[in-house]
Amino acid sequence: QKSKAAVEKILQYDQGFIHELVNKKQQLSDLLAELNEKKANQALLETRHKDAVSRLAAEKRKREKILAELKTRKENSLTTLKYLQESAATLDKTISDLSKESTYENKTAQAFSARQGLLKMPVKGKIVSTYGTYVEPQSGATSFRKGIEIQAERGAPISAVSGGQIVYADWLKGYGNVIIITHGDNYYTVYAHAEDLFRKKGDNVEAEDVIATVGDTGSMSGPTLYFEIRHHGNTE
């Protein structure tokens with residue numbers, strides 16, 4: 001009886017010990033599972049953090065690029081505006097100087113001023129820009145145009161709109177190849193961006209005489225004729 005009781009007591013102790021081991025194993029397993037879950041969450045958080053940092057860096061680069069482009073565009077706009085203003089000032093001075101030098105007198109029966117509404121187009125084409133304030137499309141610079149631009153085929157003939165004398169036939173900053181004709185009474189016509197000039201300074205011309213061909217010298221918008229009418233240096 002005593003031996004049986006001792007064996008049962010040992011078995012009971014072993015079962016309790018085994019049960020305790022099983023519980024501890026389960027607890028350890030739960031702890032490991034919890035740890036693995038925390039590691040997974042930590043890895044997810046780190047990945048999200050890296051993605052957020054990468055996204056912010058990309059957005060920063062994008063903003064910096066946009067700011068750089070805006071700065072460059074502004075600088076280009078200011079540079080273009082300065083160039084256009086300087087070119088216009090050069091043309092103004094050229095015509096002013098020519099008016100002081102010119103001795104041409106219109107001896108035809110009809111004065112140029114009386115024919116202005118009857119003048120033919122200097123070239124066959126489409127008027128794409130008119131007199132007044134405008135925005136230069138390439139740079140966004142705002143400027144003032146004192147004449148018109150006529151889009152035409154390269155090489156198209158340019159004709160004098162009225163009889164007169166050529167007082168300028170050369171290259172001019174911002175306008176390329178230019179012909180300026182005086183028509184007497186301080187009236188001038190300007191033909192710019194020409195490809196070839198067929199007449200020279202001092203030549204007398206009649207209305208519709210071909211004086212040049214269309215080109216894009218000094219132009220920012222392809223083959224065009226820039227045309228002005230001036231009186232005492234002022235645009236008409």
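Residues numbered from 1 in each chain as written. Predicted model: local features only at pLDDT ≥ 70, side-chain atom pairs only at ≥ 80, totals over all residues. Heavy atoms only, no water.

With that settled, the discussion passes to the side chain of Asp 203. Among the structural elements, Asp 203 can be located in the loop between strand S8 (187-197) and strand S9 (204-205). Looking at Asp 203, the relative accessible area reads 17%, which means it is buried. Looking at Asp 203, its side chain comes within polar contact range of the main-chain nitrogen of Lys 200, at 3.0 Å. Setting aside residues no more than four positions away along its own chain, Asp 203 makes contact with Gly 164, Gln 165 and Ile 166. (Helix = DSSP H or I, 4+ residues; strand = E, 2+ residues; numbered from the N terminus. Buried < 20%, exposed > 50% of the residue type's maximum accessible area, 1.4 Å probe, protein only. Polar contact = N/O pair within 3.5 Å; in protein donor to acceptor, adjacent residues only side chain to side chain. Contact = heavy atoms within 4.5 Å.)

Within the largest apolar cluster, 23 residues are counted, with the highest numbers of intra-cluster contacts made by Ile 158, Ile 181, Tyr 191 and Ile 211. Counting only elements with at least two residues in this core, the list comes to strand S4 (148-151), strand S7 (176-184), S8, strand S10 (210-214) and strand S11 (224-231). (Core = buried A, V, L, I, M, F, W, Y, C linked by side-chain atoms within 4.5 Å.)

This part is about a nonpolar patch on the surface. Taken together, the side chains of Leu 28, Leu 31, Leu 32 and Leu 35 define a hydrophobic patch exposed on the protein surface, amounting to about 380 Å² of accessible area. Following the sequence through the fold, Leu 32 ends up in helix H1 (residues 2-101). (Patch = residues over 30% accessible without salt bridge, like charges linked within 9 Å, V, L, I, M, F, W, Y side chains within 5 Å. Areas by Shrake-Rupley, 256 points an atom, 1.4 Å probe, with all protein chains shown as cover. Salt bridge = Lys/Arg side-chain N within 4 Å of Asp/Glu carboxyl O.)

The residue Asp 185 is not glycine, and still its phi comes out positive at about 55°. A positive phi angle, close to 75°, is found at Glu 208, a residue other than glycine. For Glu 208, the position within the fold is in the loop between S9 and S10.

Another aspect to go through is the packing of aromatic side chains. Aromatic rings considered in pairs are described by the distance between their centres and by the relative angle of their planes. Within this structure, the stated rule accounts for three aromatic pairs. Ring plane angle 45° and centroid distance 5.2 Å describe the contact between Phe 112 and Tyr 187, whose orientation is recorded as tilted. Separated by 75 residues along the polypeptide, Phe 112 in helix H2 (residues 112-115) and Tyr 187 in strand S8 bring together distant segments of the chain. Each member of the pair Phe 112 and Tyr 187 is classed as buried. With 5.5 Å between their ring centres and 45° between their planes, Tyr 175 and Tyr 226 make a pair best called tilted. Separated by 51 residues along the polypeptide, Tyr 175 in the loop between strand S6 (164-172) and S7 and Tyr 226 in strand S11 bring together distant segments of the chain. On the basis of relative accessible area, Tyr 226 is assigned to the buried category, the value being 5%. (Phe/Tyr/Trp six-rings, centres within 6.5 Å; stacked < 30°, edge-to-face > 60°.)

Turning to the pattern of salt bridges, a few remarks are in order. Taken as a whole, this structure holds eleven salt bridges when the rule is applied. Residue Glu 86 is joined to Lys 173 by a salt bridge in which the shortest nitrogen-to-oxygen separation is 2.9 Å. Of the two residues, Glu 86 sits in helix H1 while Lys 173 sits in the loop between S6 and S7, which places them 87 residues apart along the sequence. By relative accessible area, Glu 86 is classed as partly exposed at 32%. Given a relative accessible area of 36%, Lys 173 falls into the partly exposed group. In this structure, the salt-bridge partner of Glu 228 is Arg 230, at a minimum N-O distance of 2.5 Å. One network of salt bridges, with partners in common, ties together Asp 92, Lys 146, Glu 228 and Arg 230.

By themselves, these figures tell us nothing about what the structure is for.
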